[in-house]
Amino acid sequence: MVAHFFAWLMVFAIPWQDMIVLPGIGTVSKLLGVAALGATVLQVLFTARVRKPVAFHWILAVFLCWILLSTYWAIAQPESIERKVNTYLQILVMVWVIWEASPTRSRLVSLLQAYVLGAYVAAGSTIYDYLTGSVMGQRDHGRFAATGFDANDLGTLLALALPMAWYIATASPYPWQRALNRAYFVIGAVSILLTGSRGAMITSIVALSVIPLTLKQMRTGIKVASIVMMILAGIAAAWLVPTTSFERLSTTTTEISEGTLTGRIAIWKSGLRAVPGAPLQGYGPGGWFVAAGSVFGRIRSPHNTYLSILVEQGMVGLLLFLSLFVVILARLRHLPTFERRIGLVLLTTLAIAITPLGWDTTKALWLVLALLVGWADVLGSSRPAAPRARPVRTGLRRPPPPRPAAVQ
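The rules behind each value
- Residues numbered from 1 in each chain as written.
- Predicted model: local features only at pLDDT ≥ 70, side-chain atom pairs only at ≥ 80, totals over all residues.
- Heavy atoms only, no water.
- Helix = DSSP H or I, 4+ residues; strand = E, 2+ residues; numbered from the N terminus.
- Contact = heavy atoms within 4.5 Å.
- Areas by Shrake-Rupley, 256 points an atom, 1.4 Å probe, with all protein chains shown as cover.
- Phe/Tyr/Trp six-rings, centres within 6.5 Å; stacked < 30°, edge-to-face > 60°.
- Buried < 20%, exposed > 50% of the residue type's maximum accessible area, 1.4 Å probe, protein only.
- Lys NZ or Arg CZ within 6 Å of the ring centre and 35° of its normal.
- Core = buried A, V, L, I, M, F, W, Y, C linked by side-chain atoms within 4.5 Å.
- Expected span 1.5 Å × (residues − 1).
- Salt bridge = Lys/Arg side-chain N within 4 Å of Asp/Glu carboxyl O.
- Polar contact = N/O pair within 3.5 Å; in protein donor to acceptor, adjacent residues only side chain to side chain.
- Axes fitted to C-alpha atoms, helices over the stretch in contact; angles between N-to-C directions.
- Parallel < 35°, antiparallel > 145°, perpendicular 65-115°, else oblique.
- Nonpolar A, V, L, I, M, F, W, Y, C, P; charged D, E, K, R; others polar.

**Student:** I would appreciate a short explanation of the overall build of the chain in the present structure.
**Tutor:** The helix and strand tally for the chain stands at 17 helices and four strands. Nonlocal contacts in the chain, meaning residues at least 24 apart in sequence, comprise 78% of its contacts between residues at least 6 apart. Carbon and sulfur atoms form 66% of the exposed surface of the chain, whose accessible area is close to 19,300 Å².

**Student:** Looking at this model, I keep getting lost on the packing of aromatic side chains. Mind explaining?
**Tutor:** For any pair of aromatic rings, the description rests on two quantities: the centre-to-centre distance and the angle between the ring planes. The tally for this structure, following the rule as stated, stands at 16 aromatic pairs. With a centroid separation of 5.4 Å and an interplanar angle of 70 degrees, the aromatic rings of Phe-321 and Phe-325 are classed as edge-to-face. One end of the pair is Phe-321 and the other is Phe-325, both in helix α15 (residues 305-332) and four residues apart, which spans about a single turn. A relative accessible area of 0% places Phe-321 in the buried class. Ring pairs connect the aromatic residues Phe-63, Tyr-88, Tyr-306, Phe-321, Phe-325 and Trp-366, which therefore count as one cluster. The positively charged end of Arg-51 is found above the aromatic ring belonging to Trp-99, 3.6 Å away from the centroid.

**Student:** Any chance you could explain the nonpolar core here in plain terms?
**Tutor:** For soluble globular proteins, nonpolar side chains are generally found buried alongside one another. Among the nonpolar cores identified, the biggest contains 110 residues, and Phe-56, Tyr-167, Phe-321 and Trp-366 are the most heavily contacted of them. Counting eleven residues, the second-largest nonpolar core is a separate cluster that includes Phe-144, Leu-193, Ala-233 and Ala-237.

**Student:** In this structure, what is going on with helix α1 (residues 2-13)? I would like to understand it.
**Tutor:** Each full turn of the α-helix corresponds to 3.6 residues, which orients residues three or four apart in the same direction. End to end, α1 covers 17 Å across twelve residues, agreeing with the expected 16 Å (1.5 Å per residue, within 8%). Turning to α1, its buried residues number three or more, namely Ala-3, His-4, Ala-7, Met-10, Val-11 and Ala-13.

**Student:** Honestly, the pattern of salt bridges in this entry has me stumped. Any pointers?
**Tutor:** Between side chains of opposite charge, pairing is possible as soon as their charged atoms come close. Scanning the entire structure with this criterion turns up four salt bridges. One salt bridge in this structure joins Asp-360 and Lys-84, with 3.0 Å as the shortest N-O distance. Of this pair, Asp-360 sits in the loop between α16 (337-353) and α17 (363-381) while Lys-84 sits in helix α4 (residues 78-101); the two residues are 276 residues apart in sequence, bridging distant segments of the chain. Both residues of the pair, Asp-360 and Lys-84, count as buried. In this structure, the salt-bridge partner of Arg-331 is Asp-377, at a minimum N-O distance of 3.1 Å. On the criterion of sequence distance, the pair formed by Arg-331 in helix α15 and Asp-377 in helix α17 is long-range, its members being 46 residues apart. Under the relative-accessibility criterion, Arg-331 is labelled partly exposed at 27%. One salt-bridge network, held together by shared partners, links Arg-51, Arg-331 and Asp-377.

**Student:** In this structure, what is going on with helix α8 (residues 198-208)? I would like to understand it.
**Tutor:** Listing the buried residues of α8 in full gives Arg-198, Ala-200, Thr-203, Ser-204, Val-206 and Ala-207. Where α8 begins, the side chain of Ser-197 points an oxygen toward the backbone nitrogen of Ala-200, at a separation of 3.1 Å.

**Student:** Is there a simple way to think about the environment of Arg-182 in this case?
**Tutor:** In this structure, Arg-182 sits in helix α7 (residues 175-195). Through-space distance from the C-alpha of Arg-182 to that of Ala-169 is 5.9 Å; in sequence the pair is 13 residues apart. Excluding residues that lie within four positions of it along the chain, Arg-182 makes contacts with Ala-169, Ile-222, Ala-225 and Met-229.

**Student:** Just to check I follow, could you spell out the packing of helix α3 (residues 55-70) against α4 for this structure?
**Tutor:** α4 packs onto α3 with a crossing angle of 170 degrees between their chain directions and a minimal axis gap of 10 Å. With respect to α4, the axis of α3 lies roughly antiparallel. Packed against α3, whose contacting residues are Phe-56, His-57, Leu-60, Phe-63, Leu-64, Ile-67 and Leu-68, the element α4 presents Val-85, Tyr-88, Leu-89, Leu-92, Val-95 and Trp-99 at the interface. Residue classes in the contact of α3 with α4 are distributed as twelve nonpolar, one polar and no charged.

Structure representation (structure tokens):
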């Protein structure tokens, strides 16, 4: 229980971790991650039980071993190499902590709720900055984000919470919890629009597809509540979001078809030109900024997670990374229809979200993957609970009773 509590706090802090950075330590989520690791290790020692890893964890371990091996031919500065390797080690530990903290459905849903509540904090800070007129800067006039955040990263973090909130809002037996997570669609939608992030808007559209894909299985009351929720989100967006944000978002199609994606196309071309120099093994941790990061006369981040891994870890590393998605996809196929569709939407949302973002060492990417692994394992192997004297009402429509066999 103590280990799960600290894991819960760590997950809760990740969506807003950049808002508070502790001198000499780093983000709050890093500090909580250390506490969660310590509590998890103690739990394993006292119980003498370790949850059996699945294929995802073994592939992740091989991926990390490949990264460690690539340090022998890395071209980056030693400080950059050490920093990136340490980050990957922390990610591996975080994934293990999440795995140990979510052995049951209730524990898993608790972690999903922690992420949504953390997204509430970041969304609330974004709306507060807008109401107080704290814009991001002259270059990003009209865009708003929580303190310490890049608008594109923040918008994506908020969008990833949408499928999680939808699942809890429809499957929870507690009315207050269903209402709390429905309200996130209003607060989250407004905050995402305030960031003015075109990538986050596309990601949000994919995330919101979870509603029509699962609405057929909902009770009539939930369908009505969903329609009301979307209307309220539209009214709140029209009332709060400034026209400058809508104007920027309206250029998404033009930017994709005719523009430069805010300079990303030039950055991606630079990265692709570097690939033939080390196609299989890559340039090692931190190698992007040496091999391909110099664009327009200054160092630029990759703005594409897949390309970043391809440049630094080569085709071997990229195939290992993509294998993580394939393994999760294969496990999601065996879930019940409702859980399978929500899991697939969340996985697809993540896969699209990291296309315009360099998130290879960002905790949110690996956290969502870790939660999806738990999702596929717990919900796929769970059995129906024993019947209660009074059935618990959720948003899910009950299946019809089986028909009696015909009399011969």
